[in-house]
Structures are given as structure tokens and as C-alpha cells.
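Spelled out, the chains give:
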Amino acid sequence: MRIVHISAEFAPLAKAGGMGEVLVGLCRELTQLGHETEIILPKYDFIDLKTLNQVKLELADFKCWESGQLHANAMWYAETEGCRLHLLEARHPAGYFHRGKIYGCEDDTRRFIYFCRAVLEYLKLGNREIDILHLHDWHTALCAVLARDLFQLPIKAIVLTLHNMEYQGHCASWDLDAIGLNGQKYLHKDKMQDPRFSEAINLLKGGLVYADALVAVSPTYAREIVTPEGGFYLDQTLRKMKSKLTGILNGIDHHLWNPAADPCLAAHFSEKSPIGTILTSKQKMRESLAKQWGLDPNKRPWVGAITRLVNQKGPELLEAAIEQVPAMGATFLLLGASPNPKIQKHFDALKKKFHGNAQVLLQFEYNERLAHQLYSALDFILIPSTFEPCGLTQMIGMRYGAIPIARATGGLKDTVFDAETSEKKRNGFLFSEMSPRAIHDVMKRAFAHFHKDGPAFEALIQHAVQLDCSWKAPSQHYVQLYRRLIAKPI
Ligand code: ADP
């Protein structure tokens, strides 16, 4: 099959969160399964072409229409991470992808609307049959509308993966006029009209309506998003589309996350290592971090979080945990940055309060290397999310021997099974209530297992390290879906 992914992220080149990792993991596996897999990404200014192997200019100049003008674009090509990558360079006067970041600009919707149209222009020039056009979240959802209504391309089926329903991409109808769609026509409840703001266009909704299949990133999330609590006002649209909605659990990329050869770690281990080697390697990492950051390696367990500090991730529960952990004789390590100044201010105050405390590390930055080191050093990884479409940090944590303590929601529910109530699958600790009391109780429970029961806790770690959370099984599910779609006439 020829499968073309269109995305705003692709790890490690352009990663803001889990989506970039999903793209590289899934594409790598699809290529290995023998499919012709491509990925098209904006060429952001922070991508250094020199880091790519044998990058070449694929197309020096192709035009994209916007606001009555033709704008120049170029396409670059490289094979990287086992994937065929196309980087779309928009030479637009607004410098759409020259902002030093992926998201967080005032004109984000316009940037990605332009990207969608430019991608379609490029695919039209190629004029080759595509079996599956695979879109990801609101940034590229509009490609489904453009492919069906404006460009008549030989695409057999369109798939849209829903990584997070909270972000939907709102714009005005004239933003669609600007790229050649009749905006008013789409301001209709069965097309792209926003369910709350009747004068607004909802880009994600366009994808929901026009794609041939919708994939939520975990089975539980597929069930949650058709409810008013989980659908962010698009639940009604999703209920109408239920026959084409399914849930496929994400995997983690075993090349990006490999404790056996991770260059960031002080010592290595693999799923085949005896428990002694795993524990010694983790202790070495803790000692190295303790030295670097002035922490006490003996105040155990080490519990931590590696996360965007946004409401979805339960910042008030993270704060409660940070407040409680030193008194429990343990150490808390947080690596996380917030795009929300209010939340960041709050955590800045917390950092001041714990300044000089050898049981608390609060590091507010995006730091890939430190993230790898923390996963390896932690005894527990805390994920108190209000909702979690899939979540990768619990799976990465387990591969690095950090036991998850997670709220029972979304993909966390599909991957974490409580050590006290589950039989064979036990690999972590779960809680439900969003309260400081609940976070205290679950940590107390988890820490008691850590302190009391040596062999049983070691078995829990070994089981977690050995779990196969790779893309092997999920990619097979995607292939089955692709085959079903192209087998049936659309
Ligand atoms: P989301 O996509 O909602 O942010 P996921 O759990 O799916 O959450 O994926 C988060 C990914 O981003 C993980 O790989 C995690 O290690 C990484 N990450 C989050 N915050 C940071 C940070 N401050 N520094 C480095 N990596 C981070």
C-alpha cells in the first residue's frame, strides 16, 4: 500500500508531545511491514537540514493559492528514522513556519490551513495513486475536505487519527474563502460549523465529517469522546459518525526509547536483563542526577512526572504530590514546561518554596536528554491527568523500570493495571478521584509496596520492563483498518 501521512509533528525533528512520537513509531513500523510510507511535515525554521542524511531538494518551486495570490513553496526530501520524509517549505511572506516553534502563534489556524492546501497542491503534481491519506488532529484535518471537494485526487481512503479532542482549530468562514473553498457553504451543521459558535468554522469537525475512518488513540478514549464529558462539544458529531470510529492503542518507538543503548543514560539494561542489573543501572542514574542537581539519592522512592503543564495533565494534583512527597520520606522530580503563564507562575512560586530542598527537583524546560535520564532514575512515574487520550509517559516509564501511578482515564485505563486488584496484568497503581487526598492515598499505597515487599516489587519492575508496548501490534491494527477501507468501494 502507498500510505501518506500528513502531520504537524514528527519526532525527534519536530516534537511538542506524544503525536510526534506516534508518527515516527507508526511510520517506521509500516515501512518495515513493506508498505510505501511517506510523511509530509512543514519545514519549520528550527529543523536543521544538516542533521538529515542526504537531504535533497525534491521540488524547487510549486505554487499555492491564498488570498488571491500564488505563493511559492519548495519540497525537501530525506530518508530518516526509517521513514520517507517530505518537508514542505512555505515561502510565504507571513513566514508561517519561521516562528521557532510548532504551535502557539496567533495565526495557527491560518498557518495550518495554508499547509493543508499546499500539501494537496504537491500531491496533485505527483499525480500518483494513494491508497491511504492519513491525517492527524485538527492541523491537517482540512486535507480531507480539500481532497474530496476541491482537488480530485486518486486517493482510495482517508483516515483521521484523533490524538486530542481538546484542540480543534477554529476560524472564520473567510479563512476558507482565502484558500479557495466557499466558506459559507461549510458553515452548516452537517459540515464544519462549530457546535457552540455558529459563525465559526471548526477544522477538526471537517475531518470528522469527511474522513472515511476515525481512529481514537486508545479504545477507552474512543468510548469517552462520544460522551459530553469527553467530546469537547463534538460528541454529537462523533455519535453520528460512530460507525466509522474505532480505537487503536498507541505504541512507543523502541528506537527512540531503548534503555539498552540510550546514549543519555549512566548505565544500560534491557528487557532480558536480570533484575539485579536493572536495579543497579537505575541506582547509577539516580546517583548521577543526585550529584548534578543536589538531591539525596537515599530518600526513596523517587517519584516524578515528565509532562506539559496544562490543565489536562492535572497540575493541581501534581502540586499536591510535590507538597506531600518530602514528608513521606521520598523525592519528587518534575520536568515540565507550561504554555499557560498562570500555571507557570504557580509552579514558579512552588520552586521558590522548595529552593534548596534535596527532595524536590522542579525543572521548567523542554529537555529530551533529562527526560530520558529521569525515566531511568525514577521508581514511580505519576500521571494524574484529568483526561488522557492515550498517554506515552506511562509506557516509556515502564520500559525504563518506573512504575506508573496513574488516574484511571482514557489510554491510562487501557495500559495501567493496579497491583492490588489486577491478576496477571498488574503493572502499576490507579486512582480515580481528582483530589489531594486521593493522590496522597495512592502514593501511600504505592510507597508501602516499594518499602515492604522487596521480591514482589522487583517482580513488578521486571514485568513492566518486559511488557511489549511497541508499535508491532498497533501497526497491525492500522494495516487491518487500511485494508478494510480500500477493499470497500467508497
Ligand atoms: P502529550 O502528547 O499530551 O503531551 P504524551 O504522554 O502522549 O502527552 O507524550 C508526552 C511526550 O512528551 C513524552 O515523550 C514525554 O517524555 C515528552 N515530554 C513532555 N514534557 C517534556 C519535557 N518538558 N521535556 C522533555 N520531554 C517532554
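Residues numbered from 1 in each chain as written. Predicted model: local features only at pLDDT ≥ 70, side-chain atom pairs only at ≥ 80, totals over all residues. Heavy atoms only, no water.

Enquirer: Now, about the sheet that holds strand β14 (residues 360–363): what can you tell me, with residues and values included?
Expert: In space, the six strands of this open sheet follow the order β14-β13-β12-β15-β16-β17, with parallel pairing throughout. Each edge of the open sheet carries a strand with a single partner, namely β14 and β17 (429–431). Adjacent strand axes in the sheet meet at a mean angle of 20° when their direction is disregarded. Sheet topology places strand β15 (residues 380–383) next to strand β16 (residues 403–407); four bridges connect them, and they run parallel. Across the sheet, the residue bridging to leucine 382 is isoleucine 405, located in β16. Across the sheet, helix α16 (residues 454–466) touches β15, β16 and β17, and the angle it forms with β16 is around 85°. (Pairing = 2+ DSSP bridges. Helix = DSSP H or I, 4+ residues; strand = E, 2+ residues; numbered from the N terminus. Axes fitted to C-alpha atoms, helices over the stretch in contact; angles between N-to-C directions. Contact = heavy atoms within 4.5 Å.)

Enquirer: Tell me what's going on with the pattern of salt bridges, and back it up with residues and numbers.
Expert: Evaluation of the coordinates by the stated rule reveals 27 salt bridges. Between arginine 28 and glutamate 81 there is a salt bridge, with the nearest N and O atoms lying 2.9 Å from each other. Of this pair, arginine 28 sits in helix α1 (residues 18–32) while glutamate 81 sits in the loop between β4 (69–80) and β5 (83–90), and the two are 53 residues apart along the sequence. Notably, a salt bridge pairs aspartate 235 with arginine 239, separated by 2.9 Å at the nearest N-O pair. With aspartate 235 and arginine 239 both in helix α8 (residues 235–240) and four residues apart, this pair spans about one turn of that helix. Taking relative accessible area as the criterion, aspartate 235 reaches 10% and is therefore assigned buried. Several salt bridges share partner residues, and in doing so they unite Lys15, Glu21 and Glu368 into one network. (Salt bridge = Lys/Arg side-chain N within 4 Å of Asp/Glu carboxyl O. Buried < 20%, exposed > 50% of the residue type's maximum accessible area, 1.4 Å probe, protein only.)

Enquirer: So what about the site of the ligand? Which residues, and what values?
Expert: Near the ligand you find 20 residues, and of these Gly18, Glu21, Arg308, Glu365 and Tyr375 are the closest. One of the backbone N or O atoms of leucine 392 is found 2.9 Å from an oxygen atom in the ligand. When isolated, the ligand has an accessible area of 570 Å², and the protein chains bury 93% of it. Here the residues of the shell around the ligand are counted per class, giving eight nonpolar, seven polar and five charged. Structurally, the shell around the ligand is a two-domain feature, drawing no fewer than three residues from each of domain 1 (2–251 + 472–487) and domain 2 (275–466). (Near = heavy atom within 4 Å. Polar contact = N/O pair within 3.5 Å; in protein donor to acceptor, adjacent residues only side chain to side chain. Areas by Shrake-Rupley, 256 points an atom, 1.4 Å probe, with all protein chains shown as cover. Nonpolar A, V, L, I, M, F, W, Y, C, P; charged D, E, K, R; others polar. Domains from an automatic or database assignment.)

Enquirer: Requested: an account of the environment of threonine 409, with residues and values cited.
Expert: By secondary structure assignment, the location of threonine 409 is in the loop between β16 and α14 (410–415). Beyond its immediate sequence surroundings of up to four residues, threonine 409 is in contact with Glu224, Ser385, Thr386, Phe387 and Glu388.

Enquirer: Run through the packing of α1 against helix α17 (residues 472–487), naming residues and quoting values.
Expert: Two quantities define a packed helix pair, namely the angle between the axes and the distance from one axis to the other. Put simply, α1 and α17 touch, their axes get as near as 9 Å, and they point 70° apart. It follows from the interaxial angle that α1 and α17 lie roughly perpendicular. Seen from α1, the contacting residues are Leu26, Glu29 and Leu30; seen from α17, they are Lys472, Ser475, Tyr478, Val479 and Tyr482. Looking at the contact of α1 with α17, its residues break down into five nonpolar, one polar and two charged. (Parallel < 35°, antiparallel > 145°, perpendicular 65-115°, else oblique.)

Enquirer: Tell me what's going on with the domain arrangement of the chain, and back it up with residues and numbers.
Expert: Entries for the chain in the domain assignment read domain 1 (2–251 + 472–487) and domain 2 (275–466). The C-alpha-based centres of domain 1 and domain 2 are spaced at 33 Å. Regarding the contact of domain 1 and domain 2, the summed buried area is about 1300 Å², with carbon and sulfur atoms giving 57% of it. For the domain 1 face of the interface with domain 2, the top three residues by lost area are Lys15, Thr220 and Leu249, together amounting to 28%. On the surface where domain 1 and domain 2 come into contact, there are one salt bridge. A salt bridge links glutamate 368 to lysine 15, with the nearest nitrogen and oxygen atoms 3.3 Å apart. On the surface where domain 1 and domain 2 come into contact, there are eight residue pairs in polar contact (both at pLDDT 80 or more). Elements with a minimum of two residues in the side of domain 1 that touches domain 2: α1 and α7 (219–224). With five residues, α7 is the single largest residue contributor to the side of domain 1 that touches domain 2. (Buried area = accessible area lost by both parts, 1.4 Å probe.)

Enquirer: Please give an account of the packing of aromatic side chains that cites residues and values.
Expert: Inspection of the entire model under this criterion finds 21 aromatic pairs. Centre to centre, the rings of tyrosine 96 and tyrosine 114 are 5.4 Å apart; their planes meet at 50°, and the pair counts as tilted. One end of the pair, tyrosine 96, is in the loop between β5 and α2 (108–126); the other, tyrosine 114, is in helix α2, with 18 residues separating them in the sequence. Judged by its relative accessible area of 0%, tyrosine 114 falls in the buried class. (Phe/Tyr/Trp six-rings, centres within 6.5 Å; stacked < 30°, edge-to-face > 60°.)

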